[in-house]
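Take a look at the letters that make up each chain.
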Amino acid sequence: MKKRKTLPRLLKLHNIIGLFVCLVLIHLSVTGIALNHTDKLNLNQTKISWDWLLNAYGISVPETKIAFSVEGKIFHLTNSQIFMNTQSIMRSNDMLVGVINFDNQFIVSTNNSIISINKSGDFIKKIKLPENSLRKINKIGSYSDGIIIEINEIKFMSDKNLENWVPKKNSGAVKWSTKISIPADMNNQIKTYYVGEGITIEQIILDLHSGVIFKSAGKFFMDIIALLLIFMSVSGVWIWFVKKTK
């Protein structure tokens, strides 16, 4: 009598779980077939670098905080490094405040230091700041005979050798370095610098197949599926046995 009452309920539960497990098995079968033919489908050569996908893998693209354009070069501060395009010039925890071209060299200024580099991005020297400069550099610019910086709203003018500084009241004819919005193509180059070309489709399918892409939740989900498959097998055998003995 108990078997007759239990059987319909178990059969209904068996069917519902079976439908759900069937969808998961289709997913495993499709991804499994794709992995078996990864070479023919070039899955190990094709890469994807979508931001949400990189985030799923715990890979983040550093934010470019500020950028300047000088003679076709993009200088930017990204991930505590100052770059000329994608060439790292120096590490810096300070803010980049400007870059200018002077005497066939680039003058790069953070709010605490100034360096000169050649057109290839190689370090030349660190430029001494004005005496008793207690505040941070706000901006940097160029004029015919040297460079000019602003510290605490006071402007200082250098000599041609960039060795001595004198206060300057009139800042006319100064070409100040102004920040820009970083171009999309440079953003892509920075992204490639940090994360490469992305993750191969083969790796993505493999991780979808195993559930690793969802980290601990994916593993837990696959464990549940395994338990449901065990339930399906046991309940299927029991249902078959009960129907046979009727």
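My aim in this report is to walk through the structure given alongside it, one point at a time. Just so it is clear, the structure is predicted and the values come from calculations on it, not from any experiment.

Let us look at unusual backbone geometry. Comment: phi is negative for the bulk of residues other than glycine, and the bulk of peptide bonds are trans. If you check the backbone angles, Asn85 has positive phi at about 60 degrees while not being a glycine. In this fold, Asn85 is placed in the loop between β4 (81-84) and β5 (87-91). The backbone of Asn104 sits at a positive phi, close to 65 degrees, despite the residue not being glycine. Mapped onto the fold, Asn104 is located in the loop between β6 (96-102) and β7 (105-110). A residue is classified by how much of its surface remains accessible, and Asn104, at 60% relative accessible area, is exposed.

Quick look at the sheet that holds β5 now. Within the open sheet, the 5 strands sit side by side as β5-β4-β3-β2-β15. Their pairing is antiparallel. Either end of the sheet is taken by a strand with one partner, and the two such strands are β5 and β15 (179-180). Examined bridge by bridge, strand β2 (residues 64-70) and β15 share 2 bridges and lie antiparallel to one another. Bridge pairing in β15 places Ala67 opposite Ile180. Strands in contact with helix α3 (residues 184-195) are β2, β3 (73-78), β4 and β5; relative to β3, the strand with the most contacts, it is inclined by about 50 degrees.

With the rule as written, the count across this model stands at 3 salt bridges. One salt bridge in this structure joins Glu71 and Lys119, with 3.0 Å as the shortest N-O distance. Of this pair, Glu71 sits in the loop between β2 and β3 while Lys119 is found in the loop between β8 (114-117) and β9 (123-127), placing the two residues 48 residues apart along the sequence. By relative accessible area, Glu71 is classed as exposed at 51%.

What follows is about α3. Between its first and last C-alpha atoms α3 spans 16 Å; for 12 residues at 1.5 Å apiece the expected length is 16 Å, and the two agree. Every buried residue belonging to α3 is among Met186, Ile190, Lys191 and Val195, and all of these are buried. Buried residues of α3, viewed axially, fall in a sector of 150 degrees; they line one side. Buried residues along α3 sit against α2 (51-56), β2 and β3. Once α3 ends, the next one or two residues include Gly196, with phi positive near 75 degrees.

Bringing the sheet that holds β9 into the picture now. Read from one edge of the open sheet, 4 strands run β6-β7-β8-β9, paired in antiparallel fashion. What marks the edges here is a single partner per strand, and that holds for β6 and β9. Here the strands of the sheet are splayed against their neighbours by 20 degrees on average, with no regard to which way each runs. In this sheet, β8 lies alongside β7 in antiparallel orientation, the contact comprising 4 bridges. Paired with Phe106 across the strands is Ile117, a residue of β8.

Criteria and cut-off values
- Residues numbered from 1 in each chain as written.
- Predicted model: local features only at pLDDT ≥ 70, side-chain atom pairs only at ≥ 80, totals over all residues.
- Heavy atoms only, no water.
- Helix = DSSP H or I, 4+ residues; strand = E, 2+ residues; numbered from the N terminus.
- Buried < 20%, exposed > 50% of the residue type's maximum accessible area, 1.4 Å probe, protein only.
- Pairing = 2+ DSSP bridges.
- Contact = heavy atoms within 4.5 Å.
- Axes fitted to C-alpha atoms, helices over the stretch in contact; angles between N-to-C directions.
- Salt bridge = Lys/Arg side-chain N within 4 Å of Asp/Glu carboxyl O.
- Expected span 1.5 Å × (residues − 1).
- Arc of directions from axis to C-beta.

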